[in-house]
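Coordinates in review
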Amino acid sequence: MIRLEGRGDYAEDSVCRHCQEHAPTIRCADCFLQELYCPSCTVERHRCLPLHRLQRWNGNYFERITLKSLGLRIQLGHRIGDTCCNPHRAFNDDFIIIDSTGIHEVGLDFCACGTMQTHVKQLLRSRLFPATVTDPKTAATFGVLEQYHLLSFESKASAFEFYQALARLSNNTGMDPPKDRYPTFLRVVHEWRILKLLKRFARGHCPDGVVTTEPGQCTVLCPACPHPGKNLPENWENASLDKRWLYALFVGIDANFRLKRKLVSSDIVDPGVSKGWSYFVEEKAYKSYLEDNKDRNQERSTCASHNTVNMADTKKSRGLAATGVGTVDCARHNMKLRNAVGDLQKGEKYINMDYLFFSAMKHHDVIVLNISYDIACQWSKHLWSRMSKLPSAFHLDHDNKQVNFLIPKFHLPAHIEPCQIDFSFNFSRHVGRTDGEAPERGWANINPIASSTKEMGPGSRRDTLDDHFGDWNWKRVVQLGRLTARKLANAVEQKADHQRELLELESCLQAQDISEWRIDIEAWELDRMQPNPFKVRVAPETQAAIRLELARIEAAELESGTNVSLHAEVPPSVLINSAIDLEDQQRRLSHEIAALGAHATDHQLAKVQLHANTLRRKVDGWQEIQLLYMPFVSRLRANEDCARSSTDATPAVEAINLWLPSAVGPDTQCPTQLHRFEWMLRYAQANDALKDIRNLLRLRSHLYKFKDNNIVGQAANTRARSTINKTDVKVSMAAERYEVARAALTALAQILDEGPAWQDIFKPLNRNRDLKSLKDMWEKETEGTRHLSWIWKTPGVAEDASVGLHDALRIEWCKARARAMRWEEEVDLLKEEQRRVIAFLDWQADWWWCQRQGRDSEHLDDCLREGLKAYAERQASLRRALSAQFQALWTTPTLPAATSIDTATFTV
């Protein structure tokens, strides 16, 4: 690198090797070789490369010099080497060309002879995009526009960042910066996006031109979704009920509050070019509808107090023209639908989302419609009555359609239990393994551009986002081949696994039970008003319920005169129940002491000491009464005292062994009644602990999601983290309570000769594997793949284990059946989608082929006519190549590891 700062291998050259006359002092930084030439030879060699950067040797080092200063003139309107008889210099002879190598000031001449075209046409035919249509002084090369266009899609780099890089590439010293053309570059990029959009959707092939472009016409459609007349078989609408679901459309609705826009500019100043041509709705009609319905009240949530519903009008909007966007996506293939995106003015209000949903649906005429929305349980209420207030063109003939409302799988645990079953993808027929979370995945791609689009005017922002959505859809299209192949291979394997698991489960069950359960679940699938087969029907017994039952038993014994209580106020059941409560207090005190740390304050120490003193008084009082029922415990305590050395201090109150019946062993003379009472209470304690663990894990999942979506700033994040830490401590304490209860049950089962049935309900708890938050579990071990921790699948059971197990088996059989059916449906859906993709690409290839003659009736020059034909045939060839590649992938027995599609040969 240092050697190249000098003349290198050409230091000894005294004359130019090309002309053999002048001294070689000029070299080109962009040519492949660094050979030195004289100025006149350099100009001659760069007539075809007028945007290369030159350096001149001044005797000591190389300094920057331009081709313009050496006399090079760029002549437009003629072939290179030809001379124009009447050249016309650009305005003020300071024409600026923005290229990927920098910002160049060039000498440019327009043709003004008899064959001349307009200045704009002369620039465009030289692959230079003019900044204005009258006396242009600036242009950008097609190359730099294409480069930035793709770079903005992949890296989300802003136009400002890209332009500054070009400026520094031209001069990085700051002493002689190039002329500022950043506002011009912004305008050129905006126009480039629009023209490329119109070109890609054959608007240049249309005889009527751009003005007849219809809403949603410039959209990259999902080839795998059903499109009547394009990729559905004949008479598909008359298909039998067992096949009609294969032609269903899956849509996902969501909002994104990161794509906000500041209150800058206006629709009058920056109206944009696209008028609902792509993904955004037509703005004027949308704003008019919102204005007419702005006073409509939104009903409150009857589910889990969803902020999306209850706080739709309270979203902070100060200084913002749009708080975000709402969208409707293809829920299976993660693509934006036509006219399905619109700005939000406050929160996720029904009037916004209704308009966007019905705007998207007017382009789709299907019979079965599956709608995924994280608040579907609330939004679906009164939807059809709200539809009547929309324009008639948006009305959906829902009476002749099957419309299913579902909640995305990740969002489902935040809903109440009835919604978790009624709106579950896992338990709904004919949805395959769809999860409904497609919009969330798309946000990860588009969110990085929010930092630049929030500063744009309304029209520029809509056009820019439309362009990005279109690129996202196109990338999804070219990835469908490998993606669908991998999904199908996995689905076939999972289908076999889950069908085998279902058969294994059924082999352990009574045929009569299975027959009854099948009747119940099929009735529920047809009519959701029937009893829900996934719902627990045996209520879990709690400690409070057991206490009440024991109190009633003792009351009956007192009435009959058979009560053997040795204490007037503390019967045996209360004795055992009190001991279990004391154990809980000991554990809480241990956690308080562990949380003190090395530098606890006097106030903290005093608080803990007061708790310890109170607990010791309770333990001392309980131990005195215990001796009435379990006198042999005095010997066990004496043995403990002897085991400790004389110098050992009295054990801390939280470490005192209470010697419950489960701890004294089978060789003591402990009454069987006490063993039975502890068994019942420990059984209920284990149930309560599991319930607490499940509730706390769901709470923690909600806290994490709320923190990620709503908490901003260090102070607020610290408080949120503190709340989550407190929840983690509670989870740990509940887990410890369960482990103690199960250990006691294990000991008591041997004494009471209990069967192994209880162990199928209360399994060993692995804290690392089982105590996972819902978020982690849904990402790795979902209900659909049947690897959830057992704590999420164990229903509450009664004291009679056979009844509880029967209920648990019924629910597990229903879930196993649902899993097997979903995977079977997924295989069928993927095969149908593969067929639809090929049919769509073939239809699209034929459509492009027909565009060749789109303007044959017009009087066009041969060059333009050839260009129209060439572009149409190239697009048709591209679709046929994609179709052939996909078919080859889908007929290959084995698939390679996941890789991205090589799109280099698929330029549009």
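Everything discussed here concerns the structure shown above.
This text gives an overview of the structure that appears in the document. The model shown is predicted, which means the values in this text are computed figures rather than measured ones.

Before going further, it helps to examine the overall build of the chain. Scanning the chain for helices and strands turns up 28 helices and 16 strands. A total of about 44800 Å² of accessible surface is found on the chain, and carbon and sulfur atoms cover 53% of it.

Attention now goes to the sheet that holds strand β3 (residues 62-65). Strand order in this open sheet of three strands is β1-β2-β3, and the pairing throughout is antiparallel. Of all the strands in the sheet, just β1 (26-28) and β3 have a single pairing partner and so form its edges. Taking the axes of each pair of neighbouring strands and ignoring which way they run, one obtains an average angle of 35 degrees across the sheet.

The next thing to look at is the pairing of strand β2 (residues 54-57). Working note: regular strand, side chains alternate between the two faces of the sheet. By the bridge criterion, three bridges tie β1 to β2 in an arrangement that is antiparallel. Bridging from a neighbouring strand, cysteine 28 pairs with leucine 54 of β2. With four bridges joining them, β2 and β3 adopt antiparallel strand pairing. Counted as the bridge partner of tryptophan 57 is phenylalanine 62 from β3. Where β2 folds back onto β3 in an antiparallel hairpin, the turn is made up of four residues, including glycine 59, whose phi is positive at roughly 105 degrees.

With that out of the way, let us pick up the pairing of strand β9 (residues 138-141). Here β9 shows two buried faces, one formed by Thr138 and Ala140 and the other by Ala139 and Thr141. Pairing analysis gives three bridges linking strand β6 (residues 95-99) to β9, with the strands arranged parallel. In the sheet register, isoleucine 96 faces β9, and the bridge partner there is threonine 138. Relative to β9, strand β8 (residues 128-130) runs antiparallel, the two sharing three bridges. Along β9, the bridge assignment pairs phenylalanine 129 with alanine 140.

Here helix α4 (residues 159-170) contains twelve residues, and its C-alpha end-to-end distance of 17 Å stays within 8% of the 16 Å for a straight helix at 1.5 Å per residue. Taken as a whole, α4 has its buried residues at Ala159, Phe162, Tyr163, Leu166, Ala167 and Ser170. Along the axis of α4, the buried residues cluster in a sector spanning 140 degrees; they form a single face. The inward-facing, buried residues of α4 abut β3, β6, β7 (102-111), α3 (142-155) and α5 (182-200).

Counted under the stated rule, the structure contains 43 salt bridges. Residue aspartate 329 pairs with lysine 336 through a salt bridge whose shortest N-O separation is 3.0 Å. The residues aspartate 329 and lysine 336 share a single accessibility class, namely buried.

Okay, the packing of aromatic side chains next. Counting across every chain of the model gives 32 aromatic pairs. With centroids separated by 4.9 Å and ring planes inclined at 80 degrees, the aromatic side chains of tyrosine 683 and phenylalanine 762 adopt a geometry described as edge-to-face. Separated by 79 residues along the polypeptide, tyrosine 683 in helix α22 (residues 672-710) and phenylalanine 762 in the loop between α24 (757-761) and α25 (767-770) bring together distant segments of the chain. With respect to class, tyrosine 683 is no different from phenylalanine 762; both count as buried. Aromatic side chains phenylalanine 840 and tryptophan 843 sit 5.5 Å apart centroid to centroid with 45 degrees between the ring planes, which places their arrangement in the tilted category. Of this pair, phenylalanine 840 and tryptophan 843 both sit in helix α27 (residues 801-850), three residues apart, which is roughly one turn of the helix. Judged by its relative accessible area of 1%, phenylalanine 840 falls in the buried class. Owing to a relative accessible area of 27%, tryptophan 843 belongs among the partly exposed residues under this scheme.

Here we come to the environment of phenylalanine 762. Relative accessible area serves as the criterion here: at 0%, phenylalanine 762 is assigned to the buried category. When the C-alpha positions of phenylalanine 762 and isoleucine 791 are compared, they lie 8.8 Å apart, and in sequence the two are 29 residues distant. Dropping the residues within four chain positions of it, phenylalanine 762 is found in contact with Tyr683, Ala686, Asn687, Leu690, Tyr738, Arg742 and Leu745.

What counts as what
- Residues numbered from 1 in each chain as written.
- Predicted model: local features only at pLDDT ≥ 70, side-chain atom pairs only at ≥ 80, totals over all residues.
- Heavy atoms only, no water.
- Helix = DSSP H or I, 4+ residues; strand = E, 2+ residues; numbered from the N terminus.
- Areas by Shrake-Rupley, 256 points an atom, 1.4 Å probe, with all protein chains shown as cover.
- Pairing = 2+ DSSP bridges.
- Axes fitted to C-alpha atoms, helices over the stretch in contact; angles between N-to-C directions.
- Buried < 20%, exposed > 50% of the residue type's maximum accessible area, 1.4 Å probe, protein only.
- Expected span 1.5 Å × (residues − 1).
- Arc of directions from axis to C-beta.
- Contact = heavy atoms within 4.5 Å.
- Salt bridge = Lys/Arg side-chain N within 4 Å of Asp/Glu carboxyl O.
- Phe/Tyr/Trp six-rings, centres within 6.5 Å; stacked < 30°, edge-to-face > 60°.

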